[in-house]
Every structure is written in structure tokens, then in C-alpha cells.
Amino acid sequence: MSIHGHKVLHMMDGNNYTESSLLNAIKDKFGANAKFHTCSQFDMNAEQLITFFKSKGKFKPSVVHESVFTVDNKKICKH
């Protein structure tokens, strides 16, 4: 079963992450072997999903620290 990437973006709302902590949070919530899809991509693992989201500008820097980021709510599709 594939999980829509929006679930990860919504999970991130209100939280700050590094790439490593986001990867761990995804694996904790959805499982280490979970597969993800988005509106345009399919069959991604957690690492590939993070890379995809970064390339699409879905993350914004956190006010906490420059190496930390959060989800940019304006860039989550509303469907």
C-alpha cells in the first residue's frame, strides 16, 4: 500500500526537523519499508520522498536554527 506524501507534510506541520530527524519520524510513523506517492511521483521510499519535497520547495527554514526546517503550508496541495 502506498501512502500519499501529503500525510507526511501534514505530520510536519508545527514541527521542526533536520533531514535525519524527518527521516526517523517518517519511519517511526509509517514504517521503515513504507512506499509513498504524490500527485506526480510513485513508488518512493522515505529518502526519495524527502528529496522530492526539497526539489519542489515544500520546506522552509525554521526560525529555530538555520539547519532546521519545517513544512511550507502554502505549498501543500489542497485536494
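Below: a short report on this structure.

All right, on to the side chain of S62 then. With respect to the helices and strands, S62 occurs in the loop between β3 (59–61) and β4 (69–71). The exposure class of S62 is buried, given its relative accessible area of 11%. Sequence-distant contacts of S62, that is, excluding residues within four places in its chain, are made with N16, V68 and F69.

This part covers the pattern of salt bridges. Should their charged atoms come close, side chains of opposite charge can pair. Summed over all chains, the structure comprises three salt bridges. A salt bridge links E19 to K54, with the nearest nitrogen and oxygen atoms 2.6 Å apart. Of the two residues, E19 is situated in helix α2 (residues 19–30) and K54 in helix α3 (residues 46–55); the sequence distance between them amounts to 35 residues. A relative accessible area of 41% places E19 in the partly exposed class. Between K27 and E47 there is a salt bridge, with its nearest N and O atoms 3.3 Å apart. A residue pair is termed long-range when its members are at least 10 positions apart, and K27 in helix α2 and E47 in helix α3 qualify at 20 residues. According to the relative accessible area criterion, E47 is partly exposed, its value standing at 36%.

Below, the discussion takes up helix α1 (residues 5–12). Of all the eight residues making up α1, six are buried; the element is thus mostly covered by neighbouring parts of the structure. Of the residues making up α1, those classed as buried are G5, H6, V8, L9, M11 and M12. Summarising the contacts, the buried residues of α1 are in contact with β1 (2–4), α2, β2 (35–37), α3, β3 and β4. G14 sits one or two residues past α1 and shows a positive phi near 85°.

With that out of the way, let us pick up the nonpolar core. V8, M11, M12, L22, I26 and F36 are the most contacted members of the largest nonpolar core, which totals 23 residues. Put simply, the parts of the chain that give this core at least two residues each are α1, α2, α3 and β4. If we ignore the near neighbours within four places in the chain, the residues touching L22 are M11, M12, Y17, I50, F59 and F69.

Quick notes on the rules
- Residues numbered from 1 in each chain as written.
- Predicted model: local features only at pLDDT ≥ 70, side-chain atom pairs only at ≥ 80, totals over all residues.
- Heavy atoms only, no water.
- Helix = DSSP H or I, 4+ residues; strand = E, 2+ residues; numbered from the N terminus.
- Buried < 20%, exposed > 50% of the residue type's maximum accessible area, 1.4 Å probe, protein only.
- Contact = heavy atoms within 4.5 Å.
- Salt bridge = Lys/Arg side-chain N within 4 Å of Asp/Glu carboxyl O.
- Core = buried A, V, L, I, M, F, W, Y, C linked by side-chain atoms within 4.5 Å.

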